[in-house]
Amino acid sequence: MKVTKDLEELLRRIRLDHEEVVERFRFLDWSAEDAERLGAAAQHMAPAQQAFVDHLYRYLANFSTPSALLRAPEVTARLKLSQVEYYQCLWGGPFDDTYVNGRLRIGVIHQQVGLELKWYLGSYRLYLDDMLESVFGDSQNATLYSSLLKAVFFDMTLAIDTYSAAQHKALEDSEARFARALRGDNDGIWDWHVDQDRLYVSERWASMLDLSRDSIGESSASWFGRVHPDDLPEFRQAIDAHIQGQTPSLHHEYRIRQNNGGYIWVLVRGVAEVTTAGQLRMAGSQSDISARKDAEQRLNHAAHHDPLTGLANRMRLDEQMQKTFMKRRKGGAHEALLFIDLDRFKLINDSLGHNVGDRVLVEVAQRLRDALRPSDQLFRFGGDEFIVLLHELSCERDAEQISQRILDNLHQPLHLDGRVLVVSASIGIAPLHDHGKALDVLQAADLALYRAKSAGKARFAHYSEALQDTAQHRLELESALGQALQHNEFELHYQPIYRLEQGTPLMSGVEALVRWRHGERLISPLEFIPALEESGEIIRVGEWVLRQACQQTRLWQLAGHGHLRCSVNISSLQLQQADFILRVIDILRESGLPPASLILEITESQLMHDDLDTLACLNELASLGVLLALDDFGTGYSSLGYLTRFPLHILKLDKSFIGGIPYDNKQSSISQAIIGLGRSLGLEVVAEGIESPAQLDFVVSEGCHYAQGYWFSRPRPAAQMQRLFSGEDCFEGLGCPLL
């Protein structure tokens, strides 16, 4: 069935297609004969049609509602003419698409002008009543049929009213549910006729802005004019993208101005469609999302800031550095990164607790802020580490001046709960742009920080390529060191120790010294021992050294050198192991070496903390018969308390006090005092670093018990020690007797 465009939507709603028309005719028992009978009588009925139209409009004038629609004479004349033509079609046909479309159009017009259905149906009843006389004449049956028509049409109006009321109620209920849902959802509704630029917004939409709906204009300018200027371009792009079919719907967040001038965040959602008239319209909802945005902002701030100090955190630093690297520098401007690490902060946490430590960090953060310029950016990197990004430096020296100001601020006394603390820090400085070279700035500043720490702390140091090379070398060294024990790359060298009390020096023992042969290179302990300590690998390597030294010394004893003793250096990490005593016992038992033949050497730094566990460990070792020696005495704190509190047997005079003898009077006096102190406490004294006859004569004259050094022999592998035992190798042309 072909219909006009205006009625397409109406036909779709009432489903009046060809099949439906056929179905209706069939229910009415309509046939071609019916059309022929009506058509044959059409000419005869024409006068009656005209008479009825005149009668109808006179009759309608008696009722206020229809008469109000007929005030203009020209309108009434036009309607009469149209209605006569309709009645002629009603009798003469044809009953085709044009007829159906015409009747539907009349129904739409009556609905639009507000003519209720009861007047429409009542007019049909009048028509049929007037036609009775022309059809039936004066028959009494015609009068009866007229009465029947009145009753039937009255019932029809009641039934139709019921249908209409039910439909209206369903629509009202639906609208009420929709309204309640909108109120519950806190959404405002908008409808924008794009082509005509006519805007409708709901009361809730307006109330979000503290406005009434009437105060908002009817064009889109009243909407878009309130959008935040920074958000308007993207908002328009989102609308255009949806209209052009690039997105399935409009879904956009933006800020809109309220009546008081402030802005709220809203989420607008909507869809665009082309109406049956070919007009573009958009409709949707708008929600106030300010609370969500505030929560997101708080979460974002929490994610990018340290909760303790309030400083930007590592995540924010990463983002800022990306922006900095992407931004082109102004000509001649310098930028740098400072890596700040507090010195010995762990001591504050361990001694005063983490609560005090946190308060110290808060104060440190404030002092750092005070030392910086407005353009500088401060971050808490983690723990007691901070990062500063320095911008707009006139020269590289500016970074040094700021670093020194930071050190000075931090060094001021810090008063907490009646305590006075002094905090210091070390700072590594690295350029953000290294003359166009690729540079990991954080790594570079960290290397510079390590350099400042190594140089004594409480200072700053600059990054250099040499630091990178050193770090690379250290990494390679430590990587190889981790596999050295497994690959049997460690070996022991032994330096003989001589007894001096019987005139001619007599070899009484050896000191076992570990060496690392990596490839063709014999690496100094000064290079790899600190790395072993830092990695903790010193525990395994130290146990290997102890086991090898005990086994080798026992072999020499069994070969005829029964009084030979062996000295082995012990790491503080080894002493801290809960099973260290058991390991020493196992090694002595496996090797067969008597406990009195083993000397364990410890340093002042290991005793400095005066740890009860360390004291208990040393006491237990002494009770086993193992001898304990304090190595390098005089180079550390030289606390006399160590000598009385710990079960020591031997005191070793460091070679740094021997090197200037006999020409350096101060060194001679110090050495003389240490030897005398050891003797007075009943300790055996060993002088290290003897390299000349004069030095040997001095320590002998002072009553030193033992000596070792290059004058006697350099450290040598076990296989070469036999030449000393046999007398083949001697020092200064003298014999080398054994004890």
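Residues numbered from 1 in each chain as written. Predicted model: local features only at pLDDT ≥ 70, side-chain atom pairs only at ≥ 80, totals over all residues. Heavy atoms only, no water.

**Student:** It is not clear to me how the pairing of strand 16 (residues 565-569) should be interpreted in this structure. Could you clarify?
**Tutor:** Along a regular strand, successive side chains alternate from one face of the sheet to the other. Burial analysis of strand 16 places 4 of its 5 residues in the buried class, the great majority of the element. With 4 bridges joining them, strand 14 (residues 506-518) and strand 16 adopt parallel strand pairing. Paired with A512 across the strands is V568, a residue of strand 16. The pairing of strand 16 with strand 17 (residues 598-603) spans 4 bridges and is classified as parallel. Bridge assignment links V568 to a residue of strand 17, and that residue is L600. (Buried < 20%, exposed > 50% of the residue type's maximum accessible area, 1.4 Å probe, protein only. Helix = DSSP H or I, 4+ residues; strand = E, 2+ residues; numbered from the N terminus. Pairing = 2+ DSSP bridges.)

**Student:** Just checking my understanding: could you explain the pattern of salt bridges for this structure?
**Tutor:** Close approach of charged atoms allows side chains of opposite charge to pair. In the structure shown here, the tally under the stated rule is 30 salt bridges. Across the pair E511 and K652 runs a salt bridge whose closest N-O atoms are separated by 3.3 Å. One end of the pair, E511, is in strand 14; the other, K652, is in strand 19 (residues 650-653), and 141 residues separate them in sequence. Its relative accessible area of 4% is what places E511 among the buried residues. Judged by relative accessible area, which is 1%, K652 ranks as buried. Between R547 and E590 there is a salt bridge; the shortest N-O distance is 3.3 Å. Remark: E590 occurs in helix 22 (residues 580-591) and R547 occurs in helix 20 (residues 538-558); sequence separation between them is 43 residues. Among the residues examined, R547 registers a relative accessible area of 22% and is labelled partly exposed. If you follow the salt bridges from partner to partner, you end up with E543, R547, D579, R583 and E590 in one network. (Salt bridge = Lys/Arg side-chain N within 4 Å of Asp/Glu carboxyl O.)

**Student:** For this particular structure, what's the right way to read unusual backbone geometry?
**Tutor:** Most of the time, phi is negative for any residue but glycine, and the peptide bond is trans. The residue after I661, namely P662, is reached through a cis peptide bond having omega 5 degrees. Take P662: it is sitting in the loop between strand 19 and helix 26 (665-680). Phi at D417 takes a positive value of approximately 50 degrees, unusual for a residue other than glycine. Tracing the sequence through the fold places D417 in the loop between strand 9 (414-416) and strand 10 (419-421). Of note, the phi angle at A458 is positive, near 55 degrees, even though the residue is not glycine. The topology assignment puts A458 in the loop between helix 17 (441-454) and strand 12 (460-462). Residue A458 is classed as partly exposed on the basis of its relative accessible area of 45%.

**Student:** Quick question: what am I supposed to make of the sheet that holds strand 2 (residues 198-201) here?
**Tutor:** What holds strands together in a sheet is hydrogen bonding between their backbones, with the strands either parallel or antiparallel. An order of 2-1-5-4-3 is seen for the 5 strands of this open sheet, with the pairing classed as antiparallel. Whereas interior strands pair on both sides, the edge strands pair on one side only; in this sheet they are strand 2 and strand 3 (250-257). The average angle at which neighbouring strand axes cross in this sheet is 25 degrees, direction not considered. In this structure, strand 3 lies alongside strand 4 (residues 263-274), joined through 8 bridges in antiparallel fashion. Looking across to strand 4, one finds that H251 is bridged to R269. Sheet strands touched by helix 12 (residues 290-304): strand 3, strand 4 and strand 5 (280-288). Its angle to strand 4, the strand with the most contacts, is close to 120 degrees. (Axes fitted to C-alpha atoms, helices over the stretch in contact; angles between N-to-C directions. Contact = heavy atoms within 4.5 Å.)

**Student:** Is there a simple way to think about the packing of aromatic side chains in this case?
**Tutor:** To describe a pair of aromatic rings, you give the distance between the ring centres and the angle between the ring planes. The tally for this structure, following the rule as stated, stands at 16 aromatic pairs. Consider the rings of F490 and F528, whose centres lie 6.0 Å apart with planes at 45 degrees: the pair is tilted. With F490 in strand 13 (residues 490-499) and F528 in helix 19 (residues 525-535), this pair connects stretches of sequence that are 38 residues apart. Both residues of the pair, F490 and F528, count as buried. Taking 5.3 Å as the distance between ring centres and 75 degrees as the angle between the ring planes, the aromatic pair formed by W556 and F725 counts as edge-to-face. With W556 in helix 20 and F725 in helix 28 (residues 718-726), this pair connects stretches of sequence that are 169 residues apart. (Phe/Tyr/Trp six-rings, centres within 6.5 Å; stacked < 30°, edge-to-face > 60°.)

**Student:** Would you mind showing me how to read helix 26 here?
**Tutor:** For an α-helix, the turn length of 3.6 residues means that residues three or four places apart are oriented alike. Here helix 26 spans 22 Å end to end across 16 residues, near enough to the 22 Å set by a 1.5 Å rise per residue. Residues Q667, S668, S671, I674, I675 and G678 constitute the buried set of helix 26. Axial view of helix 26: buried residues confined to an arc of 135 degrees, hence all on one face. Residues N665, K666 and S680 are exposed on helix 26 and point more than 90 degrees away from its buried face. Residues of helix 26 that are buried in the fold lie against strand 18 (627-633), strand 19, strand 20 (684-687) and helix 27 (693-701). At the N-terminal end of helix 26, a side-chain oxygen is found 3.0 Å from the backbone nitrogen of K666, two or three residues along, and the residue is D664. (Expected span 1.5 Å × (residues − 1). Arc of directions from axis to C-beta. Polar contact = N/O pair within 3.5 Å; in protein donor to acceptor, adjacent residues only side chain to side chain.)

**Student:** Would you mind going over the environment of P66 with me for this structure?
**Tutor:** In this structure, P66 sits in helix 4 (residues 64-68). Each C-alpha atom, one on P66 and one on L115, is 7.2 Å from the other, the two residues being 49 residues apart in sequence. Those residues in contact with P66 that lie beyond four places of it in its chain are L60 and W119.

**Student:** How do you make sense of the packing of helix 18 (residues 465-484) against helix 19 when you look at a structure like this?
**Tutor:** The description of two packed helices rests on the angle between their axes and on the distance between the axes. Orientation of helix 18 relative to helix 19, taken along the N-to-C sense of each, is 70 degrees, at an axis distance of 10 Å. As the angle between them shows, helix 18 and helix 19 are arranged roughly perpendicular. Between helix 18 and helix 19, the contacting residues are H473, L477, E478 and L481 on the first element and E527, F528, A531, L532 and E534 on the second. Looking at the contact of helix 18 with helix 19, its residues break down into 5 nonpolar, 1 polar and 3 charged. (Parallel < 35°, antiparallel > 145°, perpendicular 65-115°, else oblique. Nonpolar A, V, L, I, M, F, W, Y, C, P; charged D, E, K, R; others polar.)

**Student:** I would appreciate a short explanation of the sheet that holds strand 7 (residues 377-382) in the present structure.
**Tutor:** Here 5 strands make up an open sheet; going across it, the order is 7-8-6-11-12 and the pairing mixed. Taken across any chain shown, the strands that pair with only one partner, and hence form the sheet edges, are strand 7 and strand 12. Strand-to-strand, the axes of this sheet are offset by a mean angle of 20 degrees, without reference to chain direction. Seen against the sheet, helix 16 (residues 397-411) touches strand 6 (334-342), strand 8 (385-393), strand 11 (425-431) and strand 12 and runs at an angle of roughly 165 degrees to strand 11.

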